[in-house]
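Listed here are the chains, written in short residue letters.
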Amino acid sequence: MKRTILFDTETTGLDPKKGDRVIEIAALELIDDLPTGQNFHVLIHPERDIPEEATKVHGFRLADLEGKPRFHEIADAFLAFIGPDAMIAHNARFDFGFLNAELERAGRPVLSLDRMVDTLDIARERYPGLPNSLDALCRRFEIDLSARTTHNALLDCRLLAEVYLELMGGRQRGLGLMMEDGAGGPVAHSYARVTNRTPRPIVPTPEELAAHSRFLEKVKEPIWSL
């Protein structure tokens, strides 16, 4: 049985070295690449302002986080949830950088980069020259994006769980994920079902084909264009 943790963060900006802070953490437990329904989700007061450009991305203003815990108050619960297991994120270096800055500030052990699994790296290796943002991958795998009006860590984890399953070989057992509001806020549930997998060819868009052509121009004598 393989346990992994899929996670995402939202922040006040792009650089923890310049004082940007984490304002949301969401993490889902996966067993053998399928969500179990166990999750960790918390909003965090950043102890600083939230720039307007960051609010445009995730929708949070400082007023939304008044009364929420500071990072050092949730650090132990977060570390207990993730345990020693591998941690999956999209553009994981960004999230690891922010979490390690917060953990160091709180006097807790930082996360080893040996635990990091970056779905962006996996996607770039599998689809070189194509757009590999979370949105692009969801469209490629026909995953419903209708609820993603702003970046939201828990919703992004739900979407990434489906993307990760596809990157690892597809829905051999089938996967469904749903969201509902529990007493403590949004809760993710998952269910698996046995089903025969129908091959689904991926047809690139004209924009993706153009991007791929630009990529091939940089490759010396690519064998797939001979």
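Treat the numbers as computed from the prediction; the structure is a model and nothing was measured.

Participant: Would you explain the overall build of the protein in this entry?
Facilitator: Along the backbone of the protein there are 7 helices and 7 strands. The secondary structure elements of the protein, listed N-terminal to C-terminal, are β-β-β-α-α-β-α-β-α-α-α-β-β-α. Looking at the protein as a whole, 46% of its 226 residues are labelled buried. Counting only contacts in the protein whose residues sit at least 6 apart along the sequence, the fraction spanning at least 24 positions is 61%. For the protein, the exposed surface amounts to about 12200 Å²; the carbon and sulfur share of it is 53%.

Participant: Could you clarify how one ought to interpret helix α3 (residues 92-105) in this entry?
Facilitator: Helical periodicity: at 3.6 residues per turn, an α-helix aligns residues three or four positions apart in one direction. For α3, built from 14 residues, the straight-helix expectation of 20 Å at 1.5 Å per residue is met to within 8% by its first-to-last C-alpha distance of 20 Å. Those residues of α3 not exposed but buried are A92, D95, F96, F98, L99, N100, E102 and L103. As for α3, its buried residues are in contact with β1 (3-11), β2 (22-31), α2 (71-82), β4 (86-89) and β5 (116-118). Positive phi appears at G107, one or two residues downstream of α3, with a value of about 75°.

Participant: Can you help me understand the pairing of β4 in this one?
Facilitator: Put simply, side chains in a regular strand alternate between the two faces of the sheet. With 3 bridges connecting them, β1 and β4 associate as parallel partners. Among the inter-strand pairings, T4 is bridged to a residue of β4, identified as A86. Alignment of β4 against β5, held across 3 bridges, turns out to be parallel. Bridge pairing in β5 places I88 opposite V117. Handedness of the β-α-β unit built from β4, α3 and β5 comes out right-handed.

Participant: Hey, could you run me through unusual backbone geometry in this one?
Facilitator: Negative phi is the rule for most residues except glycine; trans is the rule for most peptide bonds. A positive phi angle is found at D32, which is not glycine, with a value near 55°. Mapped onto the elements, D32 comes out in the loop between β2 and β3 (34-43). Since its relative accessible area comes to 41%, D32 is described here as partly exposed. Positive phi is not limited to glycine here, since D33 has a value of about 75°.

Participant: Is there a simple way to think about the sheet that holds β3 in this case?
Facilitator: Here 5 strands make up an open sheet; going across it, the order is β3-β2-β1-β4-β5 and the pairing mixed. Either end of the sheet is taken by a strand with one partner, and the two such strands are β3 and β5. Adjacent strand axes in the sheet meet at a mean angle of 25° when their direction is disregarded. Contacting β1, β2, β4 and β5, α3 runs over the sheet at an angle of about 80° to β1.

Participant: Please clarify how helix α4 (residues 119-126) should be interpreted in this entry.
Facilitator: Those residues of α4 that sit buried are T119, L120 and A123. For α4, the angular spread of buried residues about the axis comes to 100°, placing them on one side. Residues of α4 that are exposed and point over 90 degrees away from its buried face: R124 and E125. On its buried face, α4 sits against β4, β5, α5 (134-140) and α6 (153-167). At the N-terminal boundary of α4, the capping side chain belongs to D118, with an oxygen 2.9 Å from the backbone nitrogen of L120.

Participant: In this structure, what is going on with the packing of α2 against α3? I would like to understand it.
Facilitator: For any two helices packed against each other, the geometry comes down to the angle between their axes and how far apart the axes lie. Two elements in contact, α2 and α3, have axes separated by 10 Å at closest approach and are oriented at 115°. Between α2 and α3, the angle falls in the class roughly perpendicular. Regarding α2 and α3, the two cross each other, and that crossing is left-handed. Of α3, the residues touching α2 (which contributes F71, F78 and L79) are L99, E102 and L103. Tallied by class, the residues present in the contact of α2 with α3 amount to 5 nonpolar, no polar and 1 charged.

Participant: Can you walk me through the confidence of the model for the protein in this structure?
Facilitator: Parts of the prediction with low pLDDT should not have their coordinates interpreted in detail. Of the residues in the protein, 80% reach a pLDDT of 70 or more, and the chain-wide mean stands at 86. Overall, residues 172-197 carries pLDDT values under 50, and its contacts beyond four positions in sequence, including any with other chains, amount to 59 contacts.

Participant: Explanation requested: the UniProt feature "binding site: a divalent metal cation" (unreviewed entry) in the protein in the structure shown.
Facilitator: Feature annotation in UniProt assigns "binding site: a divalent metal cation" (unreviewed entry) to the following positions: D8, E10 and D156. Across 149 residues in sequence, these annotated residues keep their C-alpha atoms within 10.2 Å of one another, forming a single compact spot. Summarising the element assignment, D8 is placed in strand β1. Taking the relative accessible area as the measure of exposure, D8 reaches 13% and is therefore buried. With residues up to four places along the chain from it excluded, the contact list for D8 reads E24, I25, A26, D95, N152, A153, D156 and C157. Of the residues examined, D156 reaches a relative accessible area of 5% and is grouped as buried.

How each quantity is defined
Residues numbered from 1 in each chain as written. Predicted model: local features only at pLDDT ≥ 70, side-chain atom pairs only at ≥ 80, totals over all residues. Heavy atoms only, no water. Helix = DSSP H or I, 4+ residues; strand = E, 2+ residues; numbered from the N terminus. Buried < 20%, exposed > 50% of the residue type's maximum accessible area, 1.4 Å probe, protein only. Contact = heavy atoms within 4.5 Å. Areas by Shrake-Rupley, 256 points an atom, 1.4 Å probe, with all protein chains shown as cover. Expected span 1.5 Å × (residues − 1). Pairing = 2+ DSSP bridges. Right-handed = clockwise from strand over helix to strand, strands pointing away. Axes fitted to C-alpha atoms, helices over the stretch in contact; angles between N-to-C directions. Arc of directions from axis to C-beta. Polar contact = N/O pair within 3.5 Å; in protein donor to acceptor, adjacent residues only side chain to side chain. Parallel < 35°, antiparallel > 145°, perpendicular 65-115°, else oblique. Left-handed = near helix turned anticlockwise from the far one by under 90°. Nonpolar A, V, L, I, M, F, W, Y, C, P; charged D, E, K, R; others polar. pLDDT = per-residue confidence, 0-100. UniProt positions renumbered as here; feature names shortened; annotations may be inferred.

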